[in-house]
Amino acid sequence: MSGIAPILCVQHLGVRYGRIEALRNVSFVQDQRSIVALLGPNGAGKSSLLRAAMGLVPAVSGSVQFAYRDVTKEAPESRAALGIAYVPEGRRVFPGLTARENLDVAAFAPAAERKRRRDRVLALFPALEPQLERRAWQLSGGQQQMLAIGRALMTAPKLLLLDEPSIGLAPVLVEQLFARVASLAVEGTAVLMAEQNTAAALSVAERAIVLRDGRIVADGAAEAIRKRPELELSDLGPG
């Protein structure tokens with residue numbers, strides 16, 4: 001997106017789990033107000049890249065900059081305070097808390113600001129409003145995913161990291177969820193999303209990065225990536 005400042009800059013990033021090299025020399029820049037899809041088969045390094053951006057796994061090489069600040073050595077809570085939010089795979093809500101409590105627990109803000117953020121989440125995910133007083137475990141899978149994303153949004157992030165948000169959801173719910181994700185960038189939140197549902201991801205992302213064996217093998221406009229047959233996107237997931 002020409003003329004828009006970058007929000008995330010990853011340079012020559014390397015991540016290892018013992019002897020396993022999860023990421024090798026990964027470099028890319030993401031602009032503000034953009035949606036970037038991370039595509040690739042299981043084990044390609046998508047989740048590791050998100051976790052490294054959040055500071056949940058250490059970089060063995062390279063750097064991560066957020067809003068022009070080097071956060072490579074900073075803890076996850078420090079990155080969260082700066083404006084990065086992370087939604088892991090698997091809809092990890094707090095099952096014993098109500099939906100309202102799940103949202104409010106994430107917002108370290110005065111009551112008025114907390115309500116403003118909650119109202120924004122409910123405007124984005126109106127299906128949650130009737131469920132606010134129900135325990136999270138009582139919600140459907142789709143509602144739990146909305147709640148997990150909504151809880152992350154309660155921190156008012158500048159960058160939202162989503163790991164496989166469509167997993168386990170029916171096609172109609174996937175369509176609804178991705179429509180909401182698309183609106184986030186319009187409102188000012190950049191989204192970096194790991195996703196195996198390539199059709200859904202490419203329908204909302206303006207750019208896609210394809211990973212294989214921990215390396216970037218393609219990076220470009222979503223439509224251009226879709227038209228590259230050698231990438232075998234049909235093998236990456238549904239669509």
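Residues numbered from 1 in each chain as written. Predicted model: local features only at pLDDT ≥ 70, side-chain atom pairs only at ≥ 80, totals over all residues. Heavy atoms only, no water.

Focus: the overall build of the protein
Scanning the protein from N- to C-terminus turns up 8 helices and 10 strands. Against the 2.2 N^0.38 benchmark of 18 Å for 239 residues, the protein shows a C-alpha radius of gyration of 17 Å, consistent with a compact globule. Dimensions of the protein, computed from C-alpha atoms along their principal axes, come out at roughly 45 × 40 × 40 Å. For the protein, the proportion of contacts with a sequence separation of at least 24, taken over those separated by at least 6, is 68%. Accessible surface, the protein: about 10,800 Å² in total, of which carbon and sulfur atoms supply 53%. (Helix = DSSP H or I, 4+ residues; strand = E, 2+ residues; numbered from the N terminus. Rg over C-alpha atoms; globule rule 2.2 N^0.38 Å. Contact = heavy atoms within 4.5 Å. Areas by Shrake-Rupley, 256 points an atom, 1.4 Å probe, with all protein chains shown as cover.)

Digging into the confidence of the model for the protein
Of all residues in the protein, 94% attain a pLDDT of 70 or more, and the chain-wide mean is 91. Here helix α6 (residues 171-187) stands out as the least confident element of the protein, with mean pLDDT 89; strand β4 (residues 61-66) is the most confident, with 98. (pLDDT = per-residue confidence, 0-100.)

Some remarks on unusual backbone geometry
Here the phi dihedral of Ala 67 falls at roughly 50°; this positive angle occurs in a residue that is not glycine. By secondary structure assignment, the location of Ala 67 is in the loop between β4 and β5 (69-70).

A closer look at helix α1 (residues 46-54)
Residue pairs three or four apart in sequence face the same way in an α-helix, which turns once every 3.6 residues. Most of α1 is tucked away, with 7 of its 9 residues classed as buried. Among the residues of α1, those classed as buried are Lys 46, Ser 48, Leu 49, Leu 50, Ala 52, Ala 53 and Met 54. Within two residues after α1, Gly 55 carries a phi angle of roughly 90°, on the positive side. (Buried < 20%, exposed > 50% of the residue type's maximum accessible area, 1.4 Å probe, protein only.)

Digging into the nonpolar core
Judged by nonpolar contacts, the single largest core of 46 residues is most densely connected at Phe 125, Leu 147, Ile 149, Leu 160, Leu 162, Val 191 and Met 193. The residues contacting Ile 149, other than those within four sequence positions of it, are Val 87, Phe 125, Leu 160, Leu 162 and Leu 177. Core analysis: the next-biggest nonpolar cluster, separate from the first, contains 30 residues, Ala 44, Leu 50, Val 64 and Tyr 86 among them. (Core = buried A, V, L, I, M, F, W, Y, C linked by side-chain atoms within 4.5 Å.)

With respect to helix α5 (residues 141-153)
Across its 13 residues, α5 extends 18 Å between first and last C-alpha, which sits within 8% of the 18 Å expected from 1.5 Å per residue. With 12 of its 13 residues buried, α5 lies for the most part within the structure. Listed as buried for α5 are Gly 142, Gln 143, Gln 144, Gln 145, Met 146, Leu 147, Ala 148, Ile 149, Gly 150, Arg 151, Ala 152 and Leu 153. Buried residues along α5 sit against β6 (84-87), α3 (99-104), α4 (111-124), β7 (159-163) and α6. (Expected span 1.5 Å × (residues − 1).)

Some words on the pattern of salt bridges
Per the counting criterion, the structure on display carries 13 salt bridges. For the salt bridge of Glu 113 with Arg 116, the shortest nitrogen-to-oxygen distance reads 2.8 Å. Separated by 3 residues within a single helix, Glu 113 and Arg 116 lie in helix α4, roughly one turn from each other. For Arg 116, a relative accessible area of 48% corresponds to the partly exposed category. (Salt bridge = Lys/Arg side-chain N within 4 Å of Asp/Glu carboxyl O.)

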